[in-house]
Amino acid sequence: MSATTEETRGPLARATTVTMLLVIAGSASGFARDLLVAGVFGASAGTDAFMVAWTIPETAAPLLIEGALSFLLIPYFSRSVEEGRSLREVVWAALPKAVLAFVLLSAATAAAAPLIARGLAPGIQEHDLATRCTQITSLTVLGFGLAGFCSAALRTRRIFGPPAAIYLAYNAAIVGAIAIGHDGWGITAVACGVAAGGLLMALIQAPSFIRHIGTPVRTGVATSISWTIFAPIAAFTLLRQAQVFVERFVASSLPPGSISYLNYAQKIAQVPMVASLILATVSFPVLARCVAAGDGAGAGRRVLADTWVAAAIVLPATAFLVAHAPGVVGLLLEHGAFTPDDTAATAWSMRLYCLGLLGQAVVGVLCRVYFCASRPSWYPAAAMAAGLALTAVAAPFLAIPLGVGGVALANAAGISLTAALLLGGLGAPLLVLPRRALLGSVGRLSAAAAVAAGVSFLVRPITADLSLIVAVPCQAAVTTAVFVTAALLTGSRRDLGDALRPREGGVRL
């Protein structure tokens, strides 16, 4: 029997809606946070030092919240439930070992802070400041780990609200720390906010965790999680995050502020990418159940729908950001200490970085399939290693003619290669993927995005005299309208129907 029956359709639609609203709110609070950091601290050697330290939470988040840990625990918890075991007993049996691991990793990160700062950015001017901030942000390993464990358990129970709200708490802590300590602590205040926000992520989930999973229970259930199985998932996640390491390593030898330009560009460009993966995040337990039940056809339809939705969100955003990057960056960041020169450098980086957004979204959808099996595959790590190698080789060479934008372009090339390799490696027995249908639907959306980008460039002079607060929304509306029109003319109406229409084993979104 298919795991994605009629009974999942309504709950999945509601969960997707709730998650989308909370992610939008979290993204808005993240913008407020980034605006505050840019306005108060600008782009300087000091902010570069903090961005090096921010590598710790940026690495811990995909490893422990939305990525590797959830890829391990959600399929494990789902298989346990399918086998008739109590989720409460399984979760509480696994928690002590997980907490011990998080504490040890957090302590090791703090102890290695000087080496981390030097290794990530050997050419950075403020090495001592980077080390101090890294020691503070190392606490996020513990906070993010606890938050990720709670999120995985709740999502297995199909509770999505509290896990989606964690970034609101995280960003609130950072904004509060800046407001309280920016005069006395400088950029170190942001690091303190990051550490506090990580712990708050776990705390806000605790009431829901107790209510839906249950209180601690003595049980003879032994965890059958082999943490060595975590290795291929962690390797993939770390290799993916290592693209940021490469960027900062190369950018540390470019003019001061280059690391900050890349960071600001990514923060803006990744908003549509994160939004594009909301459905895949919500449907992951459904996908895991399909694979656990041996329903390869249902898993294939699930992946096809998730990929189409992701592409339909990220491609028009790519067209808009490539065409109107200076206006978007100027509207969002050019305040206080953030200068017009900073805007120009950030916009240039963002334009080239956006060329990899489709690859980012496709990797985010497809990697989940490989980790649903009882023994996760090493293939995604190998595919990511190939993409990372391309980024590492290309970044120094592209930085010579293109400056900081060359580093962003190398990132886009590397992740696009990984997406192609992951798509090429998918197939039975995990799922029956209609590869031709997937390529055709994404190709039609890509053509529509190309048309939208071209028209957007043509209409830029028309809005040149408007204020940014008026021009940018008008430009977004034009890009969206052209994309939708072009997509419908190229046949995407049928693709939309295939993605949303209830079918045997399908899900109404």
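Please read these numbers as outputs of a predicted model, since none were measured by experiment.

## A short note on the overall build of the chain
Phase 1: A count of helices and strands for the chain gives 21 helices and zero strands.
Phase 2: Taking all 509 residues of the chain together, 57% fall into the buried category.
Phase 3: The contacts in the chain between residues at least 6 apart in sequence include a share of 85% that link residues at least 24 apart.
Phase 4: Of the accessible surface of the chain, which amounts to about 19200 Å², a share of 68% is contributed by carbon and sulfur atoms.

## So, helix 5 (residues 87-111)
Phase 1: Between its terminal C-alpha atoms helix 5 stretches 36 Å, which fits the 36 Å expected from 25 residues at 1.5 Å a residue.
Phase 2: Maximum bend of helix 5: about 35°, positioned at Leu95, with proline Pro96 one to four residues after it.
Phase 3: Among the residues of helix 5, those classed as buried are Leu87, Val90, Val91, Trp92, Ala93, Ala94, Leu95, Ala98, Phe102, Ser106 and Thr109.
Phase 4: Elements that come into contact with the buried residues of helix 5 comprise helix 3 (55-64), helix 4 (68-82), helix 6 (113-120), helix 8 (140-156) and helix 10 (188-212).

## Digging into the packing of helix 8 against helix 10
Phase 1: It is the contact of helix 8 with helix 10, at a shortest axis distance of 8 Å, that shows an interaxial angle of 25°. Accordingly, the angle class assigned to the pair helix 8 and helix 10 is roughly parallel. Like other packed secondary-structure pairs, helix 8 and helix 10 cross with a definite hand, here left-handed. Together, Thr140, Gly143, Phe144, Leu146, Ala147, Cys150, Ser151, Ala153 and Leu154 of helix 8 and Val194, Ala195, Gly198, Leu199, Met201, Ala202, Gln205, Ser208, Phe209 and His212 of helix 10 make up the contact between the two elements.

## A word on the environment of Leu438
Phase 1: Considering the arrangement of structural elements, one finds Leu438 in helix 19 (residues 435-459).
Phase 2: In sequence terms Leu438 and Trp308 are 130 residues apart; their C-alpha atoms lie 7.4 Å from each other.

## Here's the deal with unusual backbone geometry
Phase 1: In this model, Arg158 sits at a positive phi of 65°, which is unusual for a non-glycine residue.
Phase 2: The exposure class assigned to Arg158 is partly exposed, which follows from its relative accessible area of 31%.

## Some details on the pattern of salt bridges
Any two side chains of opposite charge can pair, so long as their charged atoms come close to each other.
Phase 1: For the structure shown, the criterion picks out three salt bridges.
Phase 2: With a shortest N-O distance of 2.9 Å, Glu58 and Lys267 are connected by a salt bridge. Within this pair, whereas Glu58 is found in helix 3, its partner Lys267 is found in helix 12 (residues 258-276), the two being separated by 209 residues in sequence. Comparing Glu58 with Lys267 shows no difference in burial state: the two are buried.

## Describing the nonpolar core
In a soluble, globular protein the nonpolar side chains are often hidden away together inside.
Phase 1: Counting 153 residues, the largest nonpolar core has Phe50, Phe77, Phe149 and Met350 as the members making the most contacts within it.
Phase 2: If one sorts the elements of this core by residue count, helix 14 (residues 296-333) sits on top with 19 residues.

## A short note on the environment of Leu315
Phase 1: As for its placement among the helices and strands, Leu315 is situated in helix 14.
Phase 2: Residues Leu315 and Phe483 lie 168 residues apart in sequence; the distance between their C-alpha atoms is 8.8 Å.
Phase 3: For Leu315, the residues in contact, after removing those within four places along its chain, are Leu358, Val442, Leu445, Ser446, Ala449 and Phe483.

## What to know about the confidence of the model for the chain
Phase 1: Summary statistics for the chain give a mean pLDDT of 84 and a share of 90% for residues scoring 70 or more.
Phase 2: Across the chain, element-level confidence peaks in helix 17 (residues 379-402) with a mean pLDDT of 94 and bottoms out in helix 21 (residues 492-500) with 61.
Phase 3: Scored below 50 in pLDDT, residues 1-8 makes 16 contacts in the model with residues more than four places away or belonging to other chains.
Phase 4: Counting interchain partners and residues more than four positions distant, the pLDDT-below-50 stretch residues 502-509 has 28 contacts.

## Re helix 4
Phase 1: When the terminal C-alpha atoms of helix 4 are compared, their 22 Å separation across 15 residues agrees well with the 21 Å that a helix rising 1.5 Å per residue should span.
Phase 2: A large share of helix 4 lies buried, amounting to twelve of its 15 residues.
Phase 3: Among all positions in helix 4, only Ala68, Leu69, Ser70, Phe71, Leu72, Leu73, Ile74, Pro75, Tyr76, Phe77, Ser78 and Ser80 are buried.
Phase 4: Of the surrounding secondary structure, the elements contacted by the buried residues of helix 4 are helix 3, helix 5, helix 8, helix 11 (230-251), helix 13 (278-292) and helix 16 (357-370).

## Description of the side chain of Ser260
Phase 1: When you line up the elements, Ser260 lands in helix 12.
Phase 2: If we ignore the near neighbours within four places in the chain, the residues touching Ser260 are Ala43, Ser44, Thr47, Asp48 and Met51.

## Observations regarding a nonpolar patch on the surface
Phase 1: A surface patch of nonpolar side chains, amounting to about 240 Å² of accessible area, comprises Leu200, Leu203 and Ile204.
Phase 2: Note on placement: Ile204 falls in helix 10.

## A look at the state of the cysteines
Such a bond, covalent and formed between the sulfur atoms of two cysteines, is termed a disulfide.
Phase 1: This structure, assessed with the given rule, holds zero disulfides.
Phase 2: Here Cys192 is not disulfide-linked; the sulfur of Cys133 is the nearest cysteine sulfur, at 8.0 Å.
Phase 3: When its relative accessible area of 28% is taken as the criterion, Cys192 is described as partly exposed.

Quick notes on the rules
Residues numbered from 1 in each chain as written. Predicted model: local features only at pLDDT ≥ 70, side-chain atom pairs only at ≥ 80, totals over all residues. Heavy atoms only, no water. Helix = DSSP H or I, 4+ residues; strand = E, 2+ residues; numbered from the N terminus. Buried < 20%, exposed > 50% of the residue type's maximum accessible area, 1.4 Å probe, protein only. Contact = heavy atoms within 4.5 Å. Areas by Shrake-Rupley, 256 points an atom, 1.4 Å probe, with all protein chains shown as cover. Expected span 1.5 Å × (residues − 1). Bend = angle between axes of the 7 residues up to and from the residue. Axes fitted to C-alpha atoms, helices over the stretch in contact; angles between N-to-C directions. Parallel < 35°, antiparallel > 145°, perpendicular 65-115°, else oblique. Left-handed = near helix turned anticlockwise from the far one by under 90°. Salt bridge = Lys/Arg side-chain N within 4 Å of Asp/Glu carboxyl O. Core = buried A, V, L, I, M, F, W, Y, C linked by side-chain atoms within 4.5 Å. pLDDT = per-residue confidence, 0-100. Patch = residues over 30% accessible without salt bridge, like charges linked within 9 Å, V, L, I, M, F, W, Y side chains within 5 Å. Disulfide = S-S within 2.5 Å.

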